[in-house]
Amino acid sequence: MDLSILSGRIDITEPGKERTDYERFILTINPDESRTLRTVTRSPKGDLLRDVNQLVRKDWRPIEAIGRLFFKGEAHGTVMRRIVGDTLQSWVWTRDMEKPDYAEFDAPPRMTIGYHPIFHDAWKMNFNDASDTELHEVFTHTVSNSWNGSSLSHGQKIRGQAKFVKKETLTVPAGTFECEKFYWHTTFGKDLEVWRHGPHHMFVRLDVVKGDKEGTVYELAQLDVKDVKVPV
């Protein structure tokens, strides 16, 4: 299999404000059909920066992830995780630690690892079938139980619900895409609409339709696709 690289930018538009550059991403479809997602996210205020790298299998089961958080001009730490069998292994370094803290958690099927990139909100629907309109659990072991992820720790498991709504053609600044639309009841007191595209579940758009920051829109603003030949 050849190597495919998708890279681009996601913008945010908050009610009454100008469109802002929010997140840069690189999605790599690897030769073994696993997928690597790299994101750098900067909050609209400019005081929060997240640097995240996540690897999942062909069937979307997480393999490993690492995330770094910078907040209000300071490095707040790093969380590294790997799933081995049915166990989530977690290492946490904060700015106050001389040594990392290690912990283990159960890692049931259909669980994602959450680090708060907006692109990954499309991947939260990875285990939802686009032919089933019933509500299904969205099950995540997150590093921070807050909407913007302004802290890092071993985290906790959170459970929301989402359902497939319909397939539709959506036009965003990066182009026009055939999408699968989901409606997500989150644990943050928000209801979200999420659009994803294609077999790699590429993020296209997210709307905050209920809750804090209602009316906020995240859109795919730029996309570049490159295929690389892998020597045999």
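Residues numbered from 1 in each chain as written. Predicted model: local features only at pLDDT ≥ 70, side-chain atom pairs only at ≥ 80, totals over all residues. Heavy atoms only, no water.

A. Summary view of the nonpolar core. In this structure, Ile 10, Phe 119, Phe 203, Val 204, Leu 206 and Tyr 218 are the most contacted members of the largest nonpolar core, which totals 36 residues. Of all the elements in the fold, those that place two or more residues in this core are strand 1 (3–13), strand 2 (20–29), helix 1 (120–123), strand 11 (156–172), strand 12 (175–185), strand 13 (191–197), strand 14 (202–210) and strand 15 (217–228). The element contributing the most residues to this core is strand 14, with five residues. With residues up to four places along the chain from it excluded, the contact list for Phe 203 reads Ile 10, Ile 118, Phe 119, Ala 122, Trp 195, Tyr 218, Glu 219 and Leu 220. Grouped together as the second largest cluster of nonpolar side chains are 16 residues, Ile 83, Leu 88, Val 92 and Phe 139 included. (Core = buried A, V, L, I, M, F, W, Y, C linked by side-chain atoms within 4.5 Å. Buried < 20%, exposed > 50% of the residue type's maximum accessible area, 1.4 Å probe, protein only. Helix = DSSP H or I, 4+ residues; strand = E, 2+ residues; numbered from the N terminus. Contact = heavy atoms within 4.5 Å.)

B. Broad picture of the pattern of salt bridges. One pass over the full model with this rule turns up 20 salt bridges. Among the ionic pairs, Arg 82 bridges to Glu 64, the shortest N-O distance being 2.3 Å. Of this pair, Arg 82 sits in strand 6 (residues 74–84) while Glu 64 is found in strand 5 (residues 62–71), placing the two residues 18 residues apart along the sequence. Taking relative accessible area as the criterion, Arg 82 reaches 35% and is therefore assigned partly exposed. A salt bridge links Lys 124 to Asp 121; the shortest N-O distance between them is 3.3 Å. Residue class for Lys 124 comes out buried when judged on its relative accessible area of 10%. What emerges from the salt-bridge pattern is a single network uniting Arg 9, Asp 11, Arg 19, Arg 205, Asp 207 and Glu 219. (Salt bridge = Lys/Arg side-chain N within 4 Å of Asp/Glu carboxyl O.)

C. Examining the environment of Leu 37 more closely. Tracing the backbone shows Leu 37 in strand 3 (residues 35–42). Expressed as a C-alpha distance, the spacing of Leu 37 and Arg 50, which sit 13 residues apart in the sequence, is 13 Å. Ignoring sequence-local partners within four residues, the contact set of Leu 37 consists of Phe 25, Ile 26, Leu 27, Val 52, Asn 53, Gln 54, Phe 119, His 120 and Trp 123.

D. Quick peek at the side chain of Arg 81. The residue Arg 81 is located in strand 6 in this model. Summary of buried charges: Arg 81 has no salt-bridge partner, and the nearest side chain of opposite charge, Asp 101, is 10 Å away. (Lys, Arg positive; Asp, Glu negative; His and termini not counted.)

E. Expanded view of the environment of Glu 104. Examined against the element boundaries, Glu 104 turns out to sit in strand 8 (residues 101–106). Residue Glu 104 is classed as partly exposed on the basis of its relative accessible area of 49%. Taking C-alpha positions, Glu 104 is 24 Å from Ala 75, a pair spaced 29 residues apart along the chain. With near-sequence residues (within four places) excluded, Glu 104 lies in contact with Thr 87, Leu 88 and Gln 89. A polar atom in the side chain of Glu 104 sits 2.6 Å from the side chain of Tyr 102. (Polar contact = N/O pair within 3.5 Å; in protein donor to acceptor, adjacent residues only side chain to side chain.)

F. Expanded view of the packing of aromatic side chains. What the rule picks out here adds up to seven aromatic pairs. With a centroid separation of 5.2 Å and an interplanar angle of 65°, the aromatic rings of Tyr 22 and Tyr 218 are classed as edge-to-face. Linking Tyr 22 in strand 2 with Tyr 218 in strand 15, this pair joins segments that are 196 residues apart in sequence. Considering the side-chain rings of Trp 91 and Tyr 102, the 5.0 Å spacing of their centres and the 50° angle between planes classify their relative orientation as tilted. (Phe/Tyr/Trp six-rings, centres within 6.5 Å; stacked < 30°, edge-to-face > 60°.)

G. Spatial organisation of unusual backbone geometry. Positive phi, close to 80°, is recorded for Trp 60, a residue that is not glycine. The class for Trp 60 is buried, based on a relative accessible area of 9%.

H. Structural detail: the pairing of strand 7 (residues 87–94). Bridging between strand 6 and strand 7 involves eight bridges; their strand directions are antiparallel. Across the sheet, Thr 78 pairs through a bridge with Trp 93, a residue of strand 7. Linkage of strand 6 to strand 7, two consecutive antiparallel strands, is achieved through a turn of two residues, within which Gly 85 is found at a positive phi near 65°. Alignment of strand 7 against strand 8, held across six bridges, turns out to be antiparallel. (Pairing = 2+ DSSP bridges.)

I. A look at the pairing of strand 5. Of the pairings in the sheet, the one linking strand 4 (residues 48–56) to strand 5 comprises nine bridges and is antiparallel in character. Paired with Val 56 across the two strands is Pro 62, which belongs to strand 5. The hairpin formed by strand 4 and strand 5 contains five residues between the paired strands, and Trp 60 there has a positive phi angle of roughly 80°. Pairing of strand 5 with strand 6, which is carried by eight bridges, proceeds in the antiparallel orientation. Bridge assignment links Ile 66 to a residue of strand 6, and that residue is Met 80. Hairpin remark: strand 5 followed by strand 6, antiparallel, with two residues in the connecting loop; positive phi at Lys 72, about 55°.

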